[in-house]
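# An overview of the molecular structure
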Amino acid sequence: YSYPWHVMQTQIDQIYEADRGLQEAELIVCTEPMAGCLMMLQSARARGKTLPLLGYLGVALLNNCPPDDLDTFWQSLVDLLESQ
């Protein structure tokens, strides 16, 4: 898989840092891939912001998740559920 979780997370972090709208968001509305939604939440959380997530999950949860990072995906989902 070309893009492991940590590589994609770094890219999402850069997008978050560059987008004032994301930095000021009070809610994340997300569809897919779920891994990307979780990464966006992690970016916000790393900067001291805990955001609720409104998601439409009409596809497989693991869609586009790097296969070597399934444990990271599941732990990120658990973290999200426990924070709500």
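Residues numbered from 1 in each chain as written. Predicted model: local features only at pLDDT ≥ 70, side-chain atom pairs only at ≥ 80, totals over all residues. Heavy atoms only, no water.

Let us look at the overall build of the chain. Looking only at helices and strands, the chain features 4 helices and 2 strands. From first element to last, N terminus to C terminus, the chain shows the α and β order α-α-β-α-β-α. Against the 2.2 N^0.38 benchmark of 12 Å for 84 residues, the chain shows a C-alpha radius of gyration of 12 Å, consistent with a compact globule. Principal-axis analysis of the C-alpha atoms places the extent of the chain at approximately 30 × 25 × 20 Å. Per-residue burial for the chain yields a buried fraction of 31% across its 84 residues. In the chain, which carries 4 positive and 11 negative side-chain charges, the distance between the mean positions of the two groups comes to 11 Å. (Helix = DSSP H or I, 4+ residues; strand = E, 2+ residues; numbered from the N terminus. Rg over C-alpha atoms; globule rule 2.2 N^0.38 Å. Buried < 20%, exposed > 50% of the residue type's maximum accessible area, 1.4 Å probe, protein only. Lys, Arg positive; Asp, Glu negative; His and termini not counted. Charge placed at Lys NZ, Arg CZ, Asp CG, Glu CD.)

Attention now goes to a nonpolar patch on the surface. Together, Leu 57, Leu 61, Leu 62, Leu 70 and Trp 74 give the surface a local cluster of nonpolar side chains, amounting to about 390 Å² of exposed area. Turning to its location among the elements, Trp 74 is positioned in helix H4 (residues 70–83). (Patch = residues over 30% accessible without salt bridge, like charges linked within 9 Å, V, L, I, M, F, W, Y side chains within 5 Å. Areas by Shrake-Rupley, 256 points an atom, 1.4 Å probe, with all protein chains shown as cover. Salt bridge = Lys/Arg side-chain N within 4 Å of Asp/Glu carboxyl O.)

Quick look at the environment of Arg 47 now. Summarising the element assignment, Arg 47 is placed in the loop between helix H3 (34–46) and strand S2 (53–55). According to the relative accessible area criterion, Arg 47 is partly exposed, its value standing at 35%. Along the sequence, Arg 47 and Tyr 16 sit 31 residues apart, while their C-alpha atoms lie 10.0 Å from each other. Sequence-distant contacts of Arg 47, that is, excluding residues within four places in its chain, are made with Asp 13, Tyr 16 and Glu 17. Of note is the side chain of Arg 47, whose polar atom sits 2.6 Å from the backbone oxygen of Ser 43. (Contact = heavy atoms within 4.5 Å. Polar contact = N/O pair within 3.5 Å; in protein donor to acceptor, adjacent residues only side chain to side chain.)

Enumeration according to the criterion identifies 3 salt bridges in this entry. Residue Glu 17 pairs with Arg 47 through a salt bridge whose shortest N-O separation is 2.4 Å. With Glu 17 in helix H1 (residues 5–18) and Arg 47 in the loop between H3 and S2, this residue pair connects regions lying 30 residues apart in the sequence. A relative accessible area of 46% places Glu 17 in the partly exposed class. With its nearest N and O atoms 2.5 Å apart, the salt bridge here joins Glu 24 to Arg 20. Within this pair, Glu 24 and its partner Arg 20 are both found in helix H2 (residues 20–24), separated by 4 residues, close to a single helical turn. Using a relative accessible area of 47% as the deciding quantity, one classes Glu 24 as partly exposed. It is possible to trace a salt-bridge network through shared partners that takes in Asp 13, Glu 17 and Arg 47.

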